[in-house]
Every structure is written in C-alpha cells, then in structure tokens.
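If you want the building blocks of each chain, they are given just below.
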Amino acid sequence: MPTELPYAADAEESLSFDELEVLRLQYQKELSQSHVTVQTKFNYAWGLVKSPMREHQVEGVRLLQEIYRAEPARRRECLYYLALGHYKMGNYEEARRFNALLLDKEPSNLQAQSLASLIDQRVTQEGYIGMAIVGGVAALSTLALATIIRRASRK
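A brief structural summary.

Definitions and cut-offs
- Residues numbered from 1 in each chain as written.
- Predicted model: local features only at pLDDT ≥ 70, side-chain atom pairs only at ≥ 80, totals over all residues.
- Heavy atoms only, no water.
- Helix = DSSP H or I, 4+ residues; strand = E, 2+ residues; numbered from the N terminus.
- Buried < 20%, exposed > 50% of the residue type's maximum accessible area, 1.4 Å probe, protein only.
- Contact = heavy atoms within 4.5 Å.
- Areas by Shrake-Rupley, 256 points an atom, 1.4 Å probe, with all protein chains shown as cover.
- Phe/Tyr/Trp six-rings, centres within 6.5 Å; stacked < 30°, edge-to-face > 60°.
- Lys NZ or Arg CZ within 6 Å of the ring centre and 35° of its normal.
- Axes fitted to C-alpha atoms, helices over the stretch in contact; angles between N-to-C directions.
- Parallel < 35°, antiparallel > 145°, perpendicular 65-115°, else oblique.
- Left-handed = near helix turned anticlockwise from the far one by under 90°.
- Nonpolar A, V, L, I, M, F, W, Y, C, P; charged D, E, K, R; others polar.
- Lys, Arg positive; Asp, Glu negative; His and termini not counted.
- Salt bridge = Lys/Arg side-chain N within 4 Å of Asp/Glu carboxyl O.

**What to know about the overall build of the protein**
- A tally of regular secondary structure across the protein gives six helices and zero strands.
- Along the chain direction, N to C, the helices and strands of the protein fall in the order α-α-α-α-α-α.
- For the protein, the residues scored as buried account for 32% of the 155 residues in total.
- Of the contacts formed within the protein by residues at least 6 apart in sequence, a portion of 58% connects residues at least 24 apart.
- Total accessible area on the protein is roughly 9,600 Å²; 59% of this is exposed by carbon and sulfur atoms.

Here you go:
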C-alpha cells in the first residue's frame, strides 16, 4: 500500500525557523478566531515534533494526542507521528507502544517498520552505553576496594 508519509529517518531533519514560524502563526491565527482546523493543528504539531528543541517536541506530542482523541479519521497518522515524537524525545517504550498499535493495523507499513528498527537500534545503543557505565563503575569500585584492602593489610 503506497504511503505519503516520510520514513522515520526524515524526522531527524528539522524545519527551518521560518517554516516553523509560518505553521505557528497560522495556528495562532486560527486559535485567536476560536476555530483551529485539524489540518492546521496537525501541521503545527508535526513541525514541533521535527524541531530539535525538546519543549517543541513535547508540545507537538501533546497536540497530536489531542487530535488522536478527538479525530478518529486521523488516528492512523497520529499513531505514527506520536511514535516518532516519543522516539525523538527518547521515550522509547512509548514510541514502541504507539508504533506497535500502528503495526497491528498495518503490518506492512514500511514507515512503521523503519521506525521500529530505529527504536530497536537506539535502545540497543543506549543499553550498551548503560552496560559500559555500569562496568566502569564496577571496575573503579573494585580498584578502590583493592587499594583500601592493600593499605589496610600494610598497617
């Protein structure tokens, strides 16, 4: 099934300040008129999720969650972008959860498959970093204990 959504790697590319500002101004204009269209809200949320700034990503995910709850017709898109937003924020379990919901509905979705791979790679990478840190702390603790024992046995 063809799709127009970007592959997950595309999420690493941010919009320019001017591009995000256009989306923000449109959203603010509609908000001030007390009628924000779903498309405007969605576009702004996606622009925020693409931002390298965490506070933008958090706001983008919040807006996507609002759309997900209020607009059943947009849930599929929201699942993917919610997973992507959580991935970018480092919330890998949430990213997996939303992505799994999408894959349950569309097992052959290439974007969701791509994102699942990215999530798995990042979790593995962070797991290795965590193990290296724990290993380093254990090695330092062992050296400190050995030094203390050696000094105590000399006295």
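**A closer look at the packing of aromatic side chains**
- What the rule picks out here adds up to five aromatic pairs.
- When the ring of Tyr80 is compared with that of Tyr81, the centres are 5.2 Å apart and the planes differ by 70°; the resulting orientation is edge-to-face.
- The rings of Phe42, Trp46, Tyr80 and Tyr81 are connected pair by pair, giving a single aromatic cluster.
- Above the plane of the ring of Phe42 lies Arg74, whose end atom (NZ or CZ) is 4.5 Å from the centre.

**Considerations on the packing of helix H4 (residues 75-89) against helix H5 (residues 92-105)**
- The N-to-C vectors of H4 and H5 enclose an angle of 155°; their axes lie 7 Å apart at closest approach. It follows that H4 is roughly antiparallel to H5 by the angle criterion. As H4 runs across H5, the sense of the crossing is left-handed. Each of Arg76, Leu79, Tyr80, Leu82, Ala83, His86 and Tyr87 in H4 lies in contact with H5, whose residues at this interface are Tyr92, Glu94, Ala95, Phe98, Asn99, Leu101, Leu102 and Lys105.

**Quick word on the packing of helix H3 (residues 54-70) against H4**
- Two numbers describe how H3 lies on H4: the axes approach to 9 Å, and their chain directions differ by 155°. With respect to H4, the axis of H3 lies roughly antiparallel. Where H3 crosses over H4, the two elements pack in a sense that is left-handed. Contacts from Arg54, Gln57, Val58, Val61, Leu64, Gln65, Ile67, Tyr68 and Arg69 in H3 reach Arg75, Cys78, Leu79, Tyr81, Leu82, Gly85, His86, Lys88 and Met89 in H4.
- Residues belonging to the contact of H3 with H4 are distributed by class as follows: ten nonpolar, four polar and four charged.

**Some remarks on the side chain of Glu30**
- Turning to its location among the elements, Glu30 is positioned in helix H1 (residues 17-32).
- One buried charge, Glu30, has no salt-bridge partner; the nearest side chain with opposite charge is Lys29, at 7.1 Å.
- If we skip the residues at most four places from it in the chain, Glu30 touches His35, Val36, Thr37 and Thr40.

**Re the pattern of salt bridges**
- The final tally for this structure, using the stated rule, is nine salt bridges.
- Note that Glu77 and Arg74 form a salt bridge whose closest N and O atoms lie 2.6 Å from each other.
- Connected via shared salt-bridge partners are Lys41, Glu59, Arg62 and Glu66.

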